[in-house]
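Single-letter residue listing:
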Protein chains: 2
Amino acid sequence: MRPSPTELITKKRDGQEHGPGEIAALVTGFMNGALTDYQMSAWLMAALLRGLSERETLALTEAMLGSGKQLELRRTLSPCVDKHSTGGVGDKLSIPLAPLVAACGVRVPMVAGRSLGHTGGTLDKLESIPGYDVRLDVQSFRKVLRSAGASIIGATDALAPADRRIYALRDVSGTVESQSLIVASILSKKLAVGLNGLVLDVKCGRGAFMQTPKRARELAQNLVRVATALGTPTVALITNMDEPLGTSIGNALEIRESIAILRGDGPPDSTELILRLGEEMLLLGEAEAKPARGRARADAGRKGKRQRARARLEEALASGRALEVFARMVALHGGNAGVIEKPELLPQARHRLAVLAQQAGVISSVDARALAEVAIRLGAGRLRTQDSIDPAVGVELLKKRGDKVARGDVLCLLHTQSKTGSPLALAQQAFEIGAHPPGALRLVRERITG
Amino acid sequence: MRPSPTELITKKRDGQEHGPGEIAALVTGFMNGALTDYQMSAWLMAALLRGLSERETLALTEAMLGSGKQLELRRTLSPCVDKHSTGGVGDKLSIPLAPLVAACGVRVPMVAGRSLGHTGGTLDKLESIPGYDVRLDVQSFRKVLRSAGASIIGATDALAPADRRIYALRDVSGTVESQSLIVASILSKKLAVGLNGLVLDVKCGRGAFMQTPKRARELAQNLVRVATALGTPTVALITNMDEPLGTSIGNALEIRESIAILRGDGPPDSTELILRLGEEMLLLGEAEAKPARGRARADAGRKGKRQRARARLEEALASGRALEVFARMVALHGGNAGVIEKPELLPQARHRLAVLAQQAGVISSVDARALAEVAIRLGAGRLRTQDSIDPAVGVELLKKRGDKVARGDVLCLLHTQSKTGSPLALAQQAFEIGAHPPGALRLVRERITG
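The rules behind these values
- Residues numbered from 1 in each chain as written.
- Chains lettered and ligands numbered in written order.
- Predicted model: local features only at pLDDT ≥ 70, side-chain atom pairs only at ≥ 80, totals over all residues.
- Heavy atoms only, no water.
- Pairing = 2+ DSSP bridges.
- Helix = DSSP H or I, 4+ residues; strand = E, 2+ residues; numbered from the N terminus.
- Contact = heavy atoms within 4.5 Å.
- Axes fitted to C-alpha atoms, helices over the stretch in contact; angles between N-to-C directions.
- pLDDT = per-residue confidence, 0-100.
- Buried area = accessible area lost by both parts, 1.4 Å probe.
- Polar contact = N/O pair within 3.5 Å; in protein donor to acceptor, adjacent residues only side chain to side chain.
- Buried < 20%, exposed > 50% of the residue type's maximum accessible area, 1.4 Å probe, protein only.
- Left-handed = near helix turned anticlockwise from the far one by under 90°.
- Nonpolar A, V, L, I, M, F, W, Y, C, P; charged D, E, K, R; others polar.
- Phe/Tyr/Trp six-rings, centres within 6.5 Å; stacked < 30°, edge-to-face > 60°.
- Lys NZ or Arg CZ within 6 Å of the ring centre and 35° of its normal.
- Parallel < 35°, antiparallel > 145°, perpendicular 65-115°, else oblique.
- Least-squares fit on C-alpha atoms with pLDDT ≥ 70 in both.
- Salt bridge = Lys/Arg side-chain N within 4 Å of Asp/Glu carboxyl O.

*Asks:* So what exactly am I meant to see when it comes to the sheet that holds strand 6 (residues 248-249) of chain A here?
*Replies:* Note on sheets: strands pair through backbone hydrogen bonds, and any given pair is parallel or antiparallel. All names here are of chain A. Here four strands make up an open sheet; going across it, the order is 6-9-11-7 and the pairing antiparallel. A strand with exactly one partner marks an edge of an open sheet, and here the two such strands are strand 6 and strand 7 (351-356). Strand direction decides the pairing type here: strand 6 and strand 9 (residues 394-397), joined by two bridges, are antiparallel. In the sheet register, serine 248 faces strand 9, and the bridge partner there is glutamate 396. The sheet strands contacting helix 16 (residues 368-378) are strand 6, strand 9 and strand 11 (410-416), and the helix crosses strand 9 at an angle near 135 degrees.

*Asks:* Please clarify how the confidence of the model for chain A should be interpreted in this entry.
*Replies:* Predicted coordinates in areas of low pLDDT are best not read in detail. Per-residue pLDDT for chain A averages 94, and the proportion of residues at 70 or more is 97%. The ipTM value of the predicted complex is 0.85, and its pTM value is 0.87.

*Asks:* Please clarify how the pairing of strand 9 of chain A should be interpreted in this entry.
*Replies:* Regular strands show a simple pattern: their side chains alternate between the two faces of the sheet. The sheet contact formed by strand 9 of chain A and strand 11 of chain A spans four bridges and is antiparallel. Across the sheet, residue A:Val395 finds its bridge partner in strand 11 of chain A, namely A:Leu414.

*Asks:* Just to check I follow, could you spell out the interface of chain B and chain A for this structure?
*Replies:* How big an interface is tends to be reported as the loss of accessible area on association of its parts. The interface of chain B with chain A comprises 21 residues on the first partner and 21 residues on the second. Regarding the contact of chain B and chain A, the summed buried area is about 1600 Å², with carbon and sulfur atoms giving 70% of it. Per-residue buried area on chain B facing chain A is highest for B:Arg13, B:Tyr38 and B:Leu49; these three make up 36% of the total on that side. On the surface where chain B and chain A come into contact, there are nine residue pairs in polar contact (both at pLDDT 80 or more). Where the side of chain B that touches chain A is concerned, the elements lending two or more residues are helix 1 (5-13), helix 3 (37-50) and helix 9 (161-172) of chain B. The leading source of residues in the side of chain B that touches chain A is helix 3 of chain B, at 10 residues.

*Asks:* I'm lost on the sheet that holds strand 5 (residues 234-240) of chain B in this one. Help?
*Replies:* Residue and element names in this part refer to chain B. Sheet architecture is open: four strands sit in the order 1-4-5-13, paired in mixed fashion. Each edge of the open sheet carries a strand with a single partner, namely strand 1 (81-85) and strand 13 (444-449). The sheet shows a mean angle of 15 degrees between the axes of neighbouring strands, taken without regard to direction. Pairing of strand 5 with strand 13 involves five bridges; the strand directions are antiparallel. For valine 235, the partnering residue across the bridge sits in strand 13 and is threonine 449. Lying over the sheet, helix 10 (residues 179-191) contacts strand 1 and strand 4 (197-204), oriented at roughly 155 degrees with respect to strand 1.

*Asks:* In this structure, what is going on with the pairing of strand 1 of chain B? I would like to understand it.
*Replies:* Residue and element names in this part refer to chain B. The buried count for strand 1 comes to five of five residues, which makes it a mostly enclosed element. Across the two faces of strand 1 the burial is the same, with Val81, Lys83 and Ser85 and Asp82 and His84 all buried. Bridge count for strand 1 against strand 4 is five bridges, and the pairing is parallel. Counterpart to valine 81 in the pairing with strand 4 is glycine 197.

*Asks:* Help me out: how do you make sense of the packing of helix 2 (residues 20-32) of chain B against helix 3 of chain B in this one?
*Replies:* When two helices pack together, their arrangement is given by the angle between their axes and by how far apart the axes lie. Residues and elements named next belong to chain B. Across the interface, helix 2 lies against helix 3 with an axial gap of 10 Å and an inter-helix angle of 145 degrees. Of the two elements, helix 2 crosses helix 3, and the hand of that crossing is left-handed. Contact with helix 2, carried on its side by Ile23, Leu26 and Phe30, involves Asp37, Met40 and Trp43 of helix 3 and no other residues of that element. Split by residue class, the contact of helix 2 with helix 3 holds five nonpolar, no polar and one charged.

*Asks:* Before we go on, may I ask you to explain the packing of aromatic side chains in this structure?
*Replies:* The description of an aromatic ring pair uses the distance of the two centres, along with the angle that the planes make with each other. Taken as a whole and assessed by the stated rule, the structure comprises zero aromatic pairs over all chains. Here the basic side chain of A:Arg165 rests over the ring of A:Phe30, its NZ or CZ set 4.0 Å away from the ring centre.

*Asks:* What am I meant to see in the packing of helix 4 (residues 54-65) of chain B against helix 11 (residues 213-229) of chain B here?
*Replies:* Residues and elements named next belong to chain B. Direction vectors running N to C along helix 4 and helix 11 enclose 55 degrees, while the axes themselves pass 10 Å from each other. The pairing of helix 4 with helix 11 is recorded here as oblique in orientation. The interaxial crossing formed by helix 4 with helix 11 has right-handed handedness. Each of Glu54, Thr57, Leu58 and Thr61 in helix 4 lies in contact with helix 11, whose residues at this interface are Asn222, Arg225, Val226 and Ala229. The residue inventory of the contact of helix 4 with helix 11, partitioned by class, reads three nonpolar, three polar and two charged.

*Asks:* I would appreciate a short explanation of the relation of the copies chain B and chain A in the present structure.
*Replies:* A rotation about some axis, followed by a shift along it, carries one copy of the chain onto the other. Take chain B, turn it by 180 degrees, move it 0.1 Å along the axis, and it overlays chain A with an RMSD of 0.0 Å. Here the transformation between the copies is reduced to the relation of a two-fold axis. Ranked by how close their C-alpha atoms come to the rotation axis, the residues of chain B are headed by B:Tyr38, at 1.8 Å. A share of 100% of the interface residues of chain B reappears at the interface of chain A, consistent with the copies meeting face to face through the same patch.

*Asks:* How should I be thinking about the pattern of salt bridges in this particular structure?
*Replies:* Pairing between side chains becomes possible if they bear opposite charge and their charged atoms approach one another. All names here are of chain A. Under the definition given, this model contains 71 salt bridges over all chains. Across the pair glutamate 314 and arginine 310 runs a salt bridge, and its minimum N-O distance is 3.2 Å. Remark: arginine 310 and glutamate 314 occur in helix 14 (residues 302-318); sequence separation between them is four residues, near one turn of the helix. Taken together, the shared-partner salt bridges in this structure form one network comprising Glu272, Glu279, Glu280, Arg306, Arg310, Glu314 and Arg447.

*Asks:* Where do I start with unusual backbone geometry in this structure?
*Replies:* Glycine aside, negative phi is the norm for most residues, and most peptide bonds take the trans geometry. Residues A:Ser78 and A:Pro79 are joined by a peptide bond in cis, for which omega reads -5 degrees. Structurally, A:Pro79 can be placed in the loop between helix 5 (73-76) and strand 1 (81-85). For A:Ala160, which is not glycine, the phi torsion reads 40 degrees and is therefore positive. Tracing the chain through its elements places A:Ala160 in the loop between strand 3 (150-154) and helix 9 (161-172). Phi angles above zero are rare outside glycine, and B:Glu72 is one such case at about 50 degrees. Mapped onto the fold, B:Glu72 is located in the loop between helix 4 and helix 5 (73-76).

Set out below in C-alpha cells:
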C-alpha cells in the first residue's frame, strides 16, 4: 500500500490535505486489510479533530460509494428520487412520503436507518407492522420499486460496505460527530442506489443533532455540494426540530400517524412538511423526466411548477392513491397491510397514562428532546446499537404548541407496559404553559440548493 | 468498565482532563481487553492532538508502571541509579557509563532500547559482542547486578507490559510524537525497576528528536517532574546533539569506542559527557546511601561533592576497575569478554572507504543527522522496527568539529560491505569546512532538577 497507513495517518494528524488518490488508498486498504481497524480509528480521530476539506469529503464519499455495488436505478427506473432526514423526534415522514411521491409518478428507492440516541429510525417503525421485512436483496428491491413505485429497505452489504464498517468503528471510537464523516456516510449509502435527485431534510433545534442554524446550514451546504459534485442534483430544507413532529413518538404509534397522514387526516405540521418535501422530490424528478412527460412545461416558472407539484400531491392524498401505494409496498415487503384498516393489529402497550396540565394557559413550547428522553425510558429507542426496542410504547401528544389548555387537561398519553416507574414528571415538564399564544413556528427555515 | 471506553475517548477528544481513576481504567481496560486496540489508538490520537496535562501524564505513567512487576531494587540493591538518553547519533554512552558508575559503588540496573530511525540503540550495540544476551529474566538480572554492579537488558514483558503494547500501537498509528506519551513510555519502563535515582540525557539539536532547546527543555522538565512526583529523585542534562558524539556511528564500531573510553583512551567529547552524567549518578546514589557511607559528608557543599564524585570516576577509569566491571558484565551476559583485548573479534565490514576533504580549512561543523542517514544507508540502523541491522557497518570519524584539515585528508571512513553504492557524497557533505575555527561547543546546555 503506497502511501503507507502510518504516512496517511500522520499527514492528517499534522493537518495536511490528502489527495484523492490517498483517500481512495485509505478506504481500499481498510477494505482489503492492508490498513487495520486501529489505524482507521486513529485516522478517523485525526480527521475529526483536524477536519476534512470539501475535496477530501468528496473523495471519501466517492471511495466509500465505490466499495460496493452501484445500482444506477436512474438508468432503468427513472425518475427516481430519495429523501434523507438527519433525524428528529417524531420524524416518521419517510413512511407516508415515499408512497405519496410514488403515487405522483416519481419512484422512491429508499435506504433507511435505525433509531439511535434520541432520534427514531424508519426501519424500526416499519418493523412494527407485523411481517414487514426491511432486508430485501437488490433484486427484490428493484421488483418492489417497479411494482409499487416505492420501497424502503435497510442498508445492505452490497451497497457501500465501507460505510457499514467505518460506521461501526466510529460508533465505538468516539468519532461519530464529524461533519465530513457524517456527509460521506449519508451520501455513500444514498448515492449507491443511482438517483435522479436527492432531497435532504436537515433538522435543526433542540431535538436534532444540529442544534444551531449555523451548524445545520454548514451540514446542508456540505451535503448538497458533495452530492451535486458527484452527479446527483440535490436540495436541502433546513427544518425546525425544537418541537416534536406530528402527534406521536414511538414506533407503532408513528405508523398509525403515517396512515392518518395518507388518509389526509394527519396533524397539520407533519402533513405540511411532507407536502414541502414532496414538492422538492417531484420537482427533481420532473427535471429528469423524459421530454414527453415533463420538458413541455419547461417554459413555466418555478413557482408554477411548484404549485402544480403540490396540487398533484394533495390530489394523491385526497383520492386515496397514496394510501393504495403504501398498502402495496407493505404487502410486497411481506407486511400485513390489514393494519391500514385495523390499526389495532399493530403492537399495543398495556397501559395509557395521562399527563395532565398543572395550570391553565396556552402551550408556548413542547420540548422535543425531553419527550425523546421519555420515549427512550419507556423503551421506544436505543442508547446503543445493540439495544432492543419495544415497538408498542411511546408518547401520544393530545396538545401541541399554541393549543389552549385548562388545568387538568390531558397533555399527552404515555403508552407504557408498566404502570409504575413511568417518567410522568419529565413528560409534564416538557410542556411549557404561558399566558399568551407563542409566535408562529417556521417549519422550514431555509432551502439550500447546489 | 466504568466509564465506558467511548466516554473516555470522547472526553479526551473534546479536550477535557481525565481524573486519575479514568486513566487507570483506560490502561487496565486495555490490558484486560475491555478496551480494544482501535479504541486505544483513537484515544492516543486524541491525546496527541489535545495534549495531556501533567497530572494525566503522571497518572498514565503510574498506570503503565502498575501493569507489571515492580522490582523495587532500591530495597535490596541500594544505591541503584539508572540513566536514560532520548537518543542521539553516536550515543554509545550507556555502555561505558554503566560499568564506570558501578565501579564507584552505585549499581546500574539499566533497561535499554533498540535503534529506530536515525538514532542508535544500546541493545543493538551490545549484541554486536558475540554471545551477549540482552534478554535476561528478572532473577538473572538481579544476579548480574549483585555480582558485577551493572547490567544492561532489554524491556521484558514482566516490566510495564502496558508500555510494550501501547508503544507497538503508537508505532503503527501515527501517535509516537506526543511528549506526554513519550514521558509515560520512558518512565514506566525505567521506574518499574525501583531506583534510588534517575539521570536523563535529553538530546537537543539536528541529530536529536528534540531539535529546539525549547522542546528539549519542556520534555526534560516534564520527565523530571513526573519521575520525582512518583518518588524517584531525577536530574536531567540537556546536551548538544548537533554534532555526532565521539568518533563512531555503528554498532560494533561503538563498542570499540566504548572500550577505548573505559581505557581512558576515548574521544574527549564522549568521555567528558560520560563523566558529567556519572557525576550526577554518583550524587543521586550518594544522597540515598546509608549514613555510614555518605551522610557523614552531608555538611560538605554540593560543589565539593561533585568534585569528589568526578575524582572517583576518573580514578575508576585510570585504575582499570571500570574496564574490569565491563568485562564481568559482558561475561555474565554470556558475551565474549575477549573482545576487550582483541577488538577484531567484533564483526568487521569487508571494506573501508575513505571520505576526503575537498578543500583545506577548519571543520566548522559535522552534521549528525546526515551521518546518521549515511549509517542507515550502510545498514547500521532501522527505519522500521521489523528491519534487521548489520552490526559491522558504520562511520568512523577521523576528523571532528574544530580540527584543521588539508585538501585530501581523510575526514571519515565508511565501514561497508559493498564497494559500490556507498553514500560517499552524503558523508562528504556532512563536513562543513571553513576558514576560521568555530566557537566552543557547549556539550551540556542546561541542568534540570525537580
